[in-house]
Amino acid sequence: QVQLVESGGGLVQAGGSLRLSCAASGRTFSSYAMGWFRQAPGKEREFVAAISWSGGSTYYADSVKGRFTISRDNAKNTVYLQMNSLKPEDTAVYYCAAVGTVDYSGSFYYTAPGEYDYWGQGTQVTVSS
C-alpha cells in the first residue's frame, strides 16, 4: 500500500509559478513510477507529466511541455511538479499517482490514469488572469 499526499497548490497570477509536492508513505517508493494528472470542473482527468522510478525518464503532455518539470527525490519519498509560466487554463485540481513497476532499466513511465494503482486526494491550483 502507498499513501500519497499532495501539497503546494494555491492561487497565483498568470505567468507565475508554483511547485507541487507529493509525499508518499512506504519503504518501496523507489519501485514506483509516478505521475501527475489534473481535472478541471466539468472535464475529464487528464495526464500532465510522468516519471520513471529512477527519475531517468520523464514525459509531458504537450500543453505543459517547456513550462512544467517533474522530478523526484527517492530518499525523501517525494515527487515534485514545478510549474512555471502558469496560464488560466492550468486551473484544476492536481493529483499525483503511483504505479508499482518491475522495470530494471528505470526508464518506464505511464500516461493513462487506468495504469496507476494509487492516488492522492488532490490539491487545487487556480491561475487568475
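These figures come from a predicted structure and were not determined experimentally.

Brief notes about the pattern of salt bridges
Move 1: Under the definition given, this model contains four salt bridges.
Move 2: Its salt-bridge partner being R67, residue D90 comes within 2.7 Å of it at the nearest N-O pair. In this pair, D90 is assigned in the loop between β8 (78–83) and β9 (92–100) and R67 in the loop between β6 (58–60) and β7 (68–73), connecting sequence segments 23 residues apart. Take D90 and R67: they sit in the same class, and that class is buried.
Move 3: Connected via shared salt-bridge partners are R38, E46, R67 and D90.

Comments concerning the state of the cysteines
What is meant by a disulfide is a covalent connection between two cysteines, made through their sulfur atoms.
Move 1: In the structure shown here, the tally under the stated rule is one disulfide.
Move 2: Here C22 pairs with C96 through a disulfide, and the sulfurs are 1.9 Å apart. Every disulfide takes its handedness from the sign of the S-S torsion; for C22 and C96 that torsion is 45°, giving right-handed. One end of the pair, C22, is in strand β3 (residues 18–24); the other, C96, is in strand β9, with 74 residues separating them in the sequence. No difference in accessibility class separates C22 from C96, as the two residues are buried.

Describing the environment of N84
Move 1: Of note, N84 is situated in the loop between β8 and β9.
Move 2: In sequence terms N84 and Y59 are 25 residues apart; their C-alpha atoms lie 16 Å from each other.
Move 3: In this structure, N84 is in contact with G16, S17, R67 and F68, ignoring residues within four places of it in sequence.
Move 4: Within polar-contact distance, the side chain of N84 engages the side chain of S17 at 2.9 Å.

Some remarks on the environment of V64
Move 1: Relative to the elements of secondary structure, V64 occurs in the loop between β6 and β7.
Move 2: Classification of V64 as buried rests on a relative accessible area of 0%.
Move 3: The spatial distance from the C-alpha of V64 to the C-alpha of D117 is 24 Å, given a sequence separation of 53 residues.
Move 4: Sequence-distant contacts of V64, defined by excluding residues within four places in its chain, comprise R38 and V48.

Calculation criteria
Residues numbered from 1 in each chain as written. Predicted model: local features only at pLDDT ≥ 70, side-chain atom pairs only at ≥ 80, totals over all residues. Heavy atoms only, no water. Salt bridge = Lys/Arg side-chain N within 4 Å of Asp/Glu carboxyl O. Helix = DSSP H or I, 4+ residues; strand = E, 2+ residues; numbered from the N terminus. Buried < 20%, exposed > 50% of the residue type's maximum accessible area, 1.4 Å probe, protein only. Disulfide = S-S within 2.5 Å. Contact = heavy atoms within 4.5 Å. Polar contact = N/O pair within 3.5 Å; in protein donor to acceptor, adjacent residues only side chain to side chain.

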